[in-house]
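Results of the structural survey
Letter by letter, the chains look like this.
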Amino acid sequence: MSRLVTSLTNPTVKSVRGLHMRKEREQSGLFVAEGLKIVTEAVELGHAPRILMYGKDAEGHALLKRAIQATLAARGEVIEVTQDILAKVSRRDNPQAVVAVFAQVFTPLTHLDPAAAPCFVALHRVRDPGNLGTIVRTADAAGCGAVILVGDCCDPFSVEAVRATMGSIFAVPIVKATEAEFAGWRSSWPGSVVGTLLSADVDHRQASYAKPALILMGNEQQGLTPDMAALCDVNVKIPMRGRADSLNLSVATGIMIYAAT
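Residue positions within a chain follow its written sequence, with the count starting from 1. Given that this is a predicted model, residues contribute local features only at a pLDDT of at least 70 and side-chain atom pairs are listed and counted only at 80 or more, while totals for whole chains, interfaces and linings are drawn from all residues. With hydrogens and water stripped out, all remaining heavy atoms of the structure feed into the side-chain values.

If you look the chain up in an unreviewed UniProt entry, it shows as TrmH family RNA methyltransferase from Phenylobacterium haematophilum.

1. Some points on the packing of helix α3 (residues 36-44) against helix α4 (residues 62-73)
Between α3 and α4, whose axes approach to 10 Å, the crossing angle comes to 50°. Considering their axes alone, α3 and α4 lie oblique with respect to each other. For the crossing formed where α3 meets α4, the hand is left-handed. Judged by residue contacts, Leu36, Val39, Thr40, Val43 and Glu44 of α3 engage Leu63, Leu64, Arg66, Ala67 and Ala70 from α4. Here the contact of α3 with α4 is composed, by residue class, of 7 nonpolar, 1 polar and 2 charged. Only the stretch in contact is used when a helix axis is fitted, and all axes are lines through C-alpha atoms; the angle between N-to-C directions ranges over 0 to 180 degrees. Helical segments are the DSSP runs of H or I of at least four residues, strand segments are the runs of E of at least two, and each set is numbered from the N terminus. Our angle categories are set so that under 35 degrees counts as roughly parallel, over 145 as roughly antiparallel, 65 to 115 as roughly perpendicular, and the remainder as oblique. By the definition used in this description, the sense in which the near helix is turned from the far one sets the handedness, with an anticlockwise turn below a right angle giving left-handed and a clockwise turn giving right-handed. By the convention used here, residues are in contact when the closest approach between their heavy atoms is within 4.5 Å. Residue classes follow a fixed rule: Ala, Val, Leu, Ile, Met, Phe, Trp, Tyr, Cys and Pro count as nonpolar, while Asp, Glu, Lys and Arg count as charged, and any other residue, Gly among them, counts as polar.

2. Side note on unusual backbone geometry
Geometrically, the link from lysine 211 to proline 212 is a cis peptide bond, its omega value of -5° lying close to zero. Tracing the sequence through the fold places proline 212 in the loop between β10 (202-203) and β11 (213-217). Residues other than glycine seldom take positive phi values, yet arginine 75 does so here, at roughly 65°. Positionally, arginine 75 belongs in the loop between α4 and β4 (77-81). The class for arginine 75 is exposed, based on a relative accessible area of 80%. In this structure, arginine 91 takes a positive phi of about 55° despite not being glycine. Examined against the element boundaries, arginine 91 turns out to sit in the loop between α5 (83-90) and β5 (98-103). Burial here depends on accessible area, computed with a 1.4 Å probe over protein chains only, as a share of the maximum for the residue type. Under 20% is buried, over 50% is exposed, and the range in between is partly exposed.

3. Description of the domain arrangement of the chain
Interface size is commonly expressed as the accessible surface area that is lost when the partners come together. The domain limits used here are those given by an automatic or database domain assignment. For the chain, the assigned domains are domain 1 (3-103) and domain 2 (109-260). In this structure, domain 1 and domain 2 have C-alpha centres spaced 31 Å apart. Counting residues at the interface gives 16 residues for domain 1, matched by 12 residues for domain 2. Each salt bridge in this description consists of a side-chain nitrogen of Lys or Arg and a carboxyl oxygen of Asp or Glu lying within 4 Å of one another. Along the contact surface separating domain 1 from domain 2 lie 2 salt bridges. The shortest N-O distance in the salt bridge between aspartate 155 and arginine 25 comes to 2.7 Å. By the criterion applied in these results, polar contacts are pairs of N or O atoms within 3.5 Å in which, for protein atoms, one can donate a hydrogen and the other can accept it, and in which residues neighboring in sequence qualify only through two side-chain atoms. The interface formed by domain 1 and domain 2 holds 4 residue pairs in polar contact (both at pLDDT 80 or more) in total. Those elements giving two or more residues to the side of domain 1 that touches domain 2 turn out to be α2 (22-28), β2 (30-34) and α3. Split into classes, the residues belonging to the side of domain 1 that touches domain 2 amount to 7 nonpolar, 3 polar and 6 charged.

4. Section: the pairing of strand β6 (residues 119-124)
Walk down a regular strand and you will see the side chains alternate between the two sheet faces. When you tally the buried positions in β6, you get 6 out of 6 residues, the bulk of the element. Any two strands between which DSSP finds at least two bridges are classified as paired. Pairing geometry for β6 and β11, over 5 bridges, is parallel. What sits directly across from leucine 123, in β11, is methionine 217. Taken together, the 4 bridges between β6 and strand β7 (residues 147-150) define a ladder with parallel strand orientation. For alanine 122, the partnering residue across the bridge sits in β7 and is isoleucine 148. Consider the strands pointing away from the viewer: the crossover is right-handed when the path from the first strand over the helix to the second runs clockwise. The parallel pair β6 and β7 is bridged by helix α6 (residues 129-141), and the resulting crossover is right-handed.

5. Quick look at the packing of aromatic side chains
Given two aromatic rings, their pairing is described by the distance between the two centres and the angle made by the two planes. The aromatic pairing rule takes the rings of Phe, Tyr and Trp, using the six-membered ring of Trp, and pairs them if the centres are within 6.5 Å, calling planes under 30 degrees apart stacked, those over 60 edge-to-face and the rest tilted. If you walk through the whole model with that rule in mind, you get 8 aromatic pairs. Members of the aromatic cluster, each reached through a chain of ring pairs, are Phe31, Phe102, Phe106, Phe157 and Phe170. Geometrically, a lysine NZ or arginine CZ counts as sitting over a ring once it is within 6 Å of the ring centre and also within 35 degrees of the ring normal. Over the ring of phenylalanine 106 we find lysine 176, and its NZ or CZ is 4.5 Å from the ring centre.

6. Some points on the UniProt feature "domain: RNA 2-O ribose methyltransferase substrate binding" (unreviewed entry) in the chain
UniProt positions are given in the numbering used here, feature names are shortened, and annotations may be inferred rather than shown by experiment. Within this structure's numbering, the places UniProt gives as "domain: RNA 2-O ribose methyltransferase substrate binding" (unreviewed entry) are residues 32-108. Along residues 32-108 the backbone is 38% helical and 23% strand, and the end-to-end C-alpha distance reaches 22 Å.

7. Points about the nonpolar core
Each nonpolar core is a collection of buried residues, namely Ala, Val, Leu, Ile, Met, Phe, Trp, Tyr and Cys, held together in the definition by side-chain atoms within 4.5 Å. Grouped together as the largest cluster of nonpolar side chains are 50 residues, with contacts concentrated most on Leu52, Leu123 and Val147. Looking at which domains feed residues into this core, each of domain 1 (3-103) and domain 2 (109-260) gives three or more. Setting aside residues no more than four positions away along its own chain, valine 147 makes contact with Val121, Leu123, Leu132, Val136, Ala139, Val172, Pro173, Ile174 and Val175.

8. Brief notes about the sheet that holds β6
The 7 strands lie next to each other as β8-β7-β6-β11-β9-β12-β10, forming an open sheet whose pairing is parallel. Only two strands of the sheet have a single partner each, and these edge strands are β8 (174-177) and β10. With 2 bridges joining them, β10 and strand β12 (residues 234-237) adopt parallel strand pairing. The residue of β12 that forms the bridge with aspartate 203 is lysine 237. Where helix α10 (residues 249-260) meets the sheet, it contacts β6, β9 (193-196), β11 and β12, and its direction lies at approximately 165° from that of β11.

Structure, rendered in structure tokens:
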């Protein structure tokens, strides 16, 4: 059912390590997820690993057995590896006992159904993978219909982003769109399109959110650009009462998601 690999120069081990590089992820269409919990959630949602690596610490675990069965049923590869290999492929001193490789899945923008959820999230040029992963996790928790990446964004399938999603990368549709594609698609949106601006006059708690709400957020440095802000039906502000003049993007997005839902 599985084979033992102990060499760091094994071709499969080297290919999994290579998935830390965006170029390799884009060329292969694959990505790495770490931890038995995340792998189990993926399997439960119908995503079978292409490659499943596990160490001695996970051997015999009931959830690992299910993951192995799903991998083999999908004609994937199951490998028992050493602690050194787990540390290499995850680039962590204390690695998880299970590491898996999955196929990336992007949902076409035109396939989204606005009636499927009360809230959707669009992010323009988000740069930080930790923020992106946390937003995906929050969107999952709130029952959002999708996270739409507009323009040049960081990779949602980077190891850092996937870690931050805590498994929600398999539960929330991820969409990529250019600015022009998004603007054209947004023109037929049936609910509210809401953005955040520090210069806005409307408090986010007092705005009217017609369902389904589409929350549009700018990137960490610049916020919403004028072109993106112009696509919104209403721009709102989250009041700053202390010395800080802004919020972390993932925190601000979480506030807006729950305000709209």
